[in-house]
Amino acid sequence: MSPPQDSPVLDVRHVTKVYGAGETAVHALRGVSVTVQRSDYVAIMGASGSGKSTLMNILGCLDVPSGGRYLLDGVDVGVLEERRLSVLRNRKIGFVFQSFNLIPRMTALANVELPLAYGGVRGAVRRRRALAALDRVGLADRVGHEPSELSGGQQQRVAVARALVTAPALLLADEPTGNLDTTSTQEVLGILDRLNVSGRTIVLITHEDEVAAHSKRVIRLVDGEVVEDRRQAPVDGPPPRLSMLGEGVR
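Every value quoted in this text rests on a predicted model; they were computed, and no experiment measured them.

Draft legend 1. Examining the pairing of strand β8 (residues 202–205) more closely. Taking every second residue as pointing to the same face, both faces of β8 are buried, with Ile202 and Leu204 on one and Val203 and Ile205 on the other. Sheet analysis places strand β3 (residues 41–45) next to β8, joined by 4 bridges and oriented parallel. In the sheet register, Ala43 faces β8, and the bridge partner there is Leu204. Sheet analysis places strand β7 (residues 170–174) next to β8, joined by 4 bridges and oriented parallel. The partner of Asp174 across the bridge, within β8, is Ile205. Following the backbone out of β7, through helix α6 (residues 182–197) and into the adjacent parallel β8, one traces a crossover that is right-handed.

Draft legend 2. Focus on the pairing of strand β1 (residues 10–19). Of the strand pairs in this sheet, β1 and strand β2 (residues 26–36) are connected by 8 bridges, and their pairing is antiparallel. When the sheet's bridge partners are listed, Lys17 is paired in β2 with Leu29. A loop of 6 residues connects β1 with β2, the two strands running antiparallel in sequence, and Gly20 in this loop sits at a positive phi of about 85°. Across 5 bridges, β1 lies against strand β4 (residues 67–72) in antiparallel orientation. Looking at the pairing, Leu10 lines up with Leu72 of β4.

Rules used in this analysis
- Residues numbered from 1 in each chain as written.
- Predicted model: local features only at pLDDT ≥ 70, side-chain atom pairs only at ≥ 80, totals over all residues.
- Heavy atoms only, no water.
- Buried < 20%, exposed > 50% of the residue type's maximum accessible area, 1.4 Å probe, protein only.
- Helix = DSSP H or I, 4+ residues; strand = E, 2+ residues; numbered from the N terminus.
- Pairing = 2+ DSSP bridges.
- Right-handed = clockwise from strand over helix to strand, strands pointing away.

See below:
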């Protein structure tokens, strides 16, 4: 059953994360509480050691908190065993990483199809949805190219298409422009802007003010605690495209 449309996509309640024990214990997160509603665009910022990477791993279901509670699209992540957690992660979260994480000897189309293949989607449907996702990021003419034949900006756009193809509840981007030049950075941020305007929920991990300026909300961490949570008017981006991907894997 789908969660109510007015329920938050992310509901983090007093989450802690401790590595080690005793005098050597490292408290990476100290009672973090964050709620992210549908169609929000949030930038999580912080210096090295602030806890932002730890929080991203927990939000992405790549790690589990030491304490507190985390609900993803209405599902209590803490009660899931690993197989169900993997399924939830594949269906509910689209990841975009700084290093792209594309499979080198697979075409752009095959890379974008991967999450659908893991989800058991039939070949013809996989291909149609992957082609639509690549068109959405402006790469309809690069579907047969392998990563080595693409620029860094194009590789990141393939990664965005792969993140979108399952129509996830959340797009989670970790320093998505960290390896890009200025032009490619603006192209990728423009795509994220359009996706948010069309209703996609985005959480962006970044240390760059220029990148965070595209978001509607900035959350800043210091020493594992939220020290700032403010709304802002995002910088003007390109107009939204009208096409939308499907609302879920069928």
